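Coordinate inspection notes
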Amino acid sequence: MIGRKAMAHISPLFLVLLSLGFFFATYNLLTLVIHNRATTALVDESGRHLLSDPIIEMPENVRKPKNAKSPFHVALTATDAPYSKWQCRIMYYWYKKKKDLPGSEMGGFTRILHSGSPDNLMDEIPTFVVDPLPAGLDRGYVVLNRPWAFVQWLEKATIEEDYILMAEPDHIFLRPMPNLAHGDYPAAFPFFYIRPAQNEKLVRKYYPEEYGPVTNVDPIGNSPVIIKKDMLEKIAPTWMNVSLKMKDDPETDKVFGWVLEMYAYAVASALHGVQHILQKDFMLQPPWDLETTKKFILHYTYGCDYNLKGELTYGKIGEWRFDKRSFLRGPPPRNLSLPPPGVPESVVTLVKMVNEATANIPHWDSEKI
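Please read all numbers here as calculations on a predicted model, not as lab measurements.

**Here we look at unusual backbone geometry**
A cis amide bond, omega 0°, links Ser 223 with the succeeding residue Pro 224. Among the secondary structure elements, Pro 224 is positioned in the loop between α5 (200-203) and β7 (225-228). The residue after Pro 286, namely Pro 287, is reached through a cis peptide bond having omega 5°. Structurally, the position occupied by Pro 287 is in the loop between β9 (283-284) and β10 (297-299). One non-glycine residue, Asn 335, lies in positive phi territory at about 55°. Structurally, the position occupied by Asn 335 is in the loop between β12 (320-322) and α9 (345-360).

This is the structure:
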């Protein structure tokens, strides 16, 4: 009875304040739980970081429904040199093999030929011809033509897909590839040698402090990247201009060297406020990456040199080797010898896939390329 009388005299304001207190306590507890779950989702049982970008965790509102498909157009830039042609032929062969398999969101394919005129692969590979940079502007750094080629292609071509995968001739599709991008968050492969923070002095020449911290510049190049077409249409002209400015600056040119155009794409993206989800399983690069498990693209940019014991002799020509630069003037022969026992699975897979492609591509050893 006394208790009921005491309750009757409790102020309504007190009850409101008490309810609010319970609300905020519950909210903070749930927020803490969700935050802890999100944090642990970035790390596996061994404590290693998983695929999510440590800077950008993919927001829930841009996650795709399980059954939704977002096809992407595969585009690579190329020249009419034999060295570029044979790589494109192998790349296109594996694209066709994987495109229609379960799990694939691969759409159309375009070889963007920046030599200015058609070549003899036009009937074999879907190709769009664009102009090279004016003579002398690339200063022998042919990769400077890449952003200019994308600018022209995006302006003139009809591209049905909403997303684009920027790829390269020396990429091989290991398995059917899904769209790794999520809405306005493109997907990119993180390169260990692209280090904006360690090169902040140079990066700040093109990414001023008012744009934000240098960590906004992702450790990536333009390839492989899956990105919305309309986003790339905005970034590409900036990417081209930044590339040319970097090449014109002796200090930047000297320090960045052959990866200058990669830094230019990373900076251009940051200037437009675009950050990427970093996908470590996007690609592997033999001989440093040893296994192809769960990877989507094999990038054979490095030479693979081994002795007959299966030991890597990088920097020294091996008793067994595969290096794309050994075939600057023409394609590798069919049926390359397999590596000796002990060589990593990634290198064995590379040679087997090259051999399969060359065995099945018509007129491989002819004057076709």
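Read on for the rest.
**Comments concerning the sheet that holds β10**
Pairing within the open sheet is mixed, and its three strands lie in the order β5-β10-β9. Of all strands in the sheet, those with a lone pairing partner are β5 (171-173) and β9, marking the two edges. Looking at chain direction, β9 and β10 are connected through two bridges and run parallel. Residue pairing in the sheet places Leu 284 in a bridge with Leu 298 of β10. Lying over the sheet, α9 contacts β5, β9 and β10, oriented at roughly 85° with respect to β5.

**Comments concerning the sheet that holds strand β6 (residues 187-188)**
Within the open sheet, the seven strands sit side by side as β3-β2-β1-β4-β7-β6-β8. Their pairing is mixed. If you trace the sheet from one side to the other, it starts and ends with β3 (127-129) and β8 (277-278), each paired once. Here four bridges tie strand β4 (residues 163-167) to β7, and the two strands are oriented antiparallel to one another. Following the sheet pairing, Met 166 is matched in β7 by Val 225. Helix α6 (residues 229-248) rests against β4 and β7 of the sheet, and its axis sits at about 110° to β7.

**Points about a negative patch on the surface**
Judged by side-chain charge, Glu 155, Asp 162, Asp 230 and Glu 233 come together as a negatively charged surface patch. Counting through the fold element by element, Glu 233 comes out in helix α6.

**What to know about a nonpolar patch on the surface**
Together, Trp 288, Leu 312 and Tyr 314 make up an exposed nonpolar region whose accessible area comes to about 310 Å². Tracing the chain through its elements places Tyr 314 in the loop between β11 (304-306) and β12. Residue Tyr 314 is classed as partly exposed on the basis of its relative accessible area of 43%.

**Some thoughts on the packing of helix α3 (residues 82-99) against α9**
Where α3 contacts α9, the two axes come as close as 10 Å, and the packing angle between them is 95°. In terms of axis orientation, α3 runs roughly perpendicular to α9. Of the residues in α9, those in contact with Ile 90, Tyr 93, Trp 94 and Lys 97 of α3 are Met 353, Val 354, Glu 356, Ala 357, Thr 358 and Asn 360. In terms of residue class, the contact of α3 with α9 is built from six nonpolar, two polar and two charged.

**Points about the side chain of Glu 168**
Residue position: Glu 168 is located in the loop between β4 and β5. Its relative accessible area of 14% is what places Glu 168 among the buried residues. Here Arg 146 takes part through its side chain, which lies 3.5 Å from a polar atom of the side chain of Glu 168. Not counting residues within four places of it along the chain, the set of residues in contact with Glu 168 comprises Leu 76, Met 91, Arg 146, Ser 223 and His 299.

**Remarks on the packing of α6 against helix α8 (residues 260-271)**
One way to put it is that α6 packs onto α8 with a least axis distance of 8 Å and a crossing angle of 130°. When the interaxial angle is binned, α6 and α8 end up oblique. Between α6 and α8 lies a crossing of right-handed hand. Each of Ile 235, Thr 238, Trp 239, Val 242, Ser 243, Met 246 and Lys 247 in α6 lies in contact with α8, whose residues at this interface are Leu 260, Glu 261, Tyr 263, Ala 264, Tyr 265, Val 267, Ala 268, Ser 269 and Leu 271. Residue classes in the contact of α6 with α8 are distributed as 11 nonpolar, three polar and two charged.

Conventions used here
Residues numbered from 1 in each chain as written. Predicted model: local features only at pLDDT ≥ 70, side-chain atom pairs only at ≥ 80, totals over all residues. Heavy atoms only, no water. Helix = DSSP H or I, 4+ residues; strand = E, 2+ residues; numbered from the N terminus. Pairing = 2+ DSSP bridges. Contact = heavy atoms within 4.5 Å. Axes fitted to C-alpha atoms, helices over the stretch in contact; angles between N-to-C directions. Patch = residues over 30% accessible without salt bridge, like charges linked within 9 Å, V, L, I, M, F, W, Y side chains within 5 Å. Areas by Shrake-Rupley, 256 points an atom, 1.4 Å probe, with all protein chains shown as cover. Salt bridge = Lys/Arg side-chain N within 4 Å of Asp/Glu carboxyl O. Lys, Arg positive; Asp, Glu negative; His and termini not counted. Charge placed at Lys NZ, Arg CZ, Asp CG, Glu CD. Buried < 20%, exposed > 50% of the residue type's maximum accessible area, 1.4 Å probe, protein only. Parallel < 35°, antiparallel > 145°, perpendicular 65-115°, else oblique. Nonpolar A, V, L, I, M, F, W, Y, C, P; charged D, E, K, R; others polar. Polar contact = N/O pair within 3.5 Å; in protein donor to acceptor, adjacent residues only side chain to side chain. Left-handed = near helix turned anticlockwise from the far one by under 90°.

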